[in-house]
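Coordinates in review
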Amino acid sequence: KKDVDTVKFNIACFAVSGCIDSFLDYWNIWVFGYVQQRLMRSMRVDLYRNILNQELAFFEHTKTGELTSRLSSDISEMADKLTWVFRFTLESFVRIVGITGYLFSRSWRLAALACCIIPVVAVINTYYSKWMGGVQREVQSALASFGSLAAEVLGSMRTVYSFANEHYEVERYRQAVDTHYRLCMKLTVMS
């Protein structure tokens, strides 16, 4: 009888904890989504203002597509990464503290054993995130590259037609997209 009551109590605690977790997770997502959108809006306006305040020589050496890519996809990517890091760092911290507390309340020996692997996992995770960050920067650069290339070619179609360079420009664009694709697949495989 006592074992059945203990099982029922543990199941009830598990269900209540799951409901609380779901409620807090919803608000966590909402708050960080709100902050992310405000951050992107502010960063886009500030970047646009700074771009317009550049000298004319800057515009002669910088491609329009690269600038528009920076305003759109790069800002979004950076804001995604910032909010993702803060959100999951906070969420992971709360979960780790909760799980560790639970483990120590159930069995301090098991908890101590489980805590022994934390430094190893932290070191592996540090190297992995540095590598992933480098690949992500390459992906963003490749995305800006083919976006800039497309804007450059589409903005000068008269010149492309006059030299009959359509096939050459398609091949350049295909190579840039293929580079982006390979980098994205590298990220996908290693994620």
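Please read all numbers here as calculations on a predicted model, not as lab measurements.

1. Re the pattern of salt bridges
Tallied over the full model, the rule gives 5 salt bridges. Of the charged contacts in the structure, one is a salt bridge between Asp21 and Arg95, with a shortest N-O distance of 3.2 Å. Residue Asp21 is found in helix 1 (residues 2-52), and its partner Arg95 is found in helix 3 (residues 64-106); the two are separated by 74 residues along the sequence. By relative accessible area, which is 34% here, Asp21 ends up partly exposed. The closest approach of N and O atoms between Glu171 and Arg174, which form a salt bridge, is 2.4 Å.

2. Some details on the packing of aromatic side chains
Under the counting rule described, the total for this entry stands at 6 aromatic pairs. Aromatic side chains Trp30 and Tyr34 sit 5.6 Å apart centroid to centroid with 5° between the ring planes, which places their arrangement in the stacked category. In this pair, Trp30 and Tyr34 are both assigned in helix 1, 4 residues apart and thus about one turn of the helix distant. Classification of Trp30 by relative accessible area gives partly exposed; the value is 44%. Aromatic side chains Phe58 and Phe59 sit 5.4 Å apart centroid to centroid with 80° between the ring planes, which places their arrangement in the edge-to-face category. The exposure class of Phe58 is partly exposed, given its relative accessible area of 27%.

3. Comments concerning the nonpolar core
Core analysis: the biggest nonpolar cluster contains 6 residues, these being Met132, Val135, Val139, Ala142, Leu183 and Leu187. Looking at this core, the elements that each hand over two or more residues are helix 5 (118-154) and helix 7 (166-190). Tallying contributions element by element places helix 5 first for this core, with 4 residues. Other than its neighbours up to four places away in sequence, Ala142 contacts Thr179, His180 and Leu183.

4. Describing a nonpolar patch on the surface
Judged by side-chain polarity, Val16, Ile20, Phe23, Leu24, Tyr26, Trp27, Trp30, Val31, Tyr34 and Val35 come together as a nonpolar surface patch covering roughly 1,000 Å² of accessible area. Position of Tyr26 among the secondary structure elements: in helix 1. With relative accessibility at 48%, the residue Tyr26 sits in the partly exposed group.

5. Notes on the side chain of Glu169
Structurally, the position occupied by Glu169 is in helix 7. Aside from chain neighbours lying at most four places away, what touches Glu169 is Leu149, Val153 and Val160.

6. What to know about the side chain of Thr62
Along the polypeptide, Thr62 turns up in the loop between helix 2 (56-61) and helix 3. Given a relative accessible area of 17%, Thr62 falls into the buried group. At a separation of 2.9 Å, a polar atom in the side chain of Thr62 contacts the main-chain carbonyl oxygen of Phe58.

Calculation rules
Residues numbered from 1 in each chain as written. Predicted model: local features only at pLDDT ≥ 70, side-chain atom pairs only at ≥ 80, totals over all residues. Heavy atoms only, no water. Salt bridge = Lys/Arg side-chain N within 4 Å of Asp/Glu carboxyl O. Helix = DSSP H or I, 4+ residues; strand = E, 2+ residues; numbered from the N terminus. Buried < 20%, exposed > 50% of the residue type's maximum accessible area, 1.4 Å probe, protein only. Phe/Tyr/Trp six-rings, centres within 6.5 Å; stacked < 30°, edge-to-face > 60°. Core = buried A, V, L, I, M, F, W, Y, C linked by side-chain atoms within 4.5 Å. Contact = heavy atoms within 4.5 Å. Patch = residues over 30% accessible without salt bridge, like charges linked within 9 Å, V, L, I, M, F, W, Y side chains within 5 Å. Areas by Shrake-Rupley, 256 points an atom, 1.4 Å probe, with all protein chains shown as cover. Polar contact = N/O pair within 3.5 Å; in protein donor to acceptor, adjacent residues only side chain to side chain.

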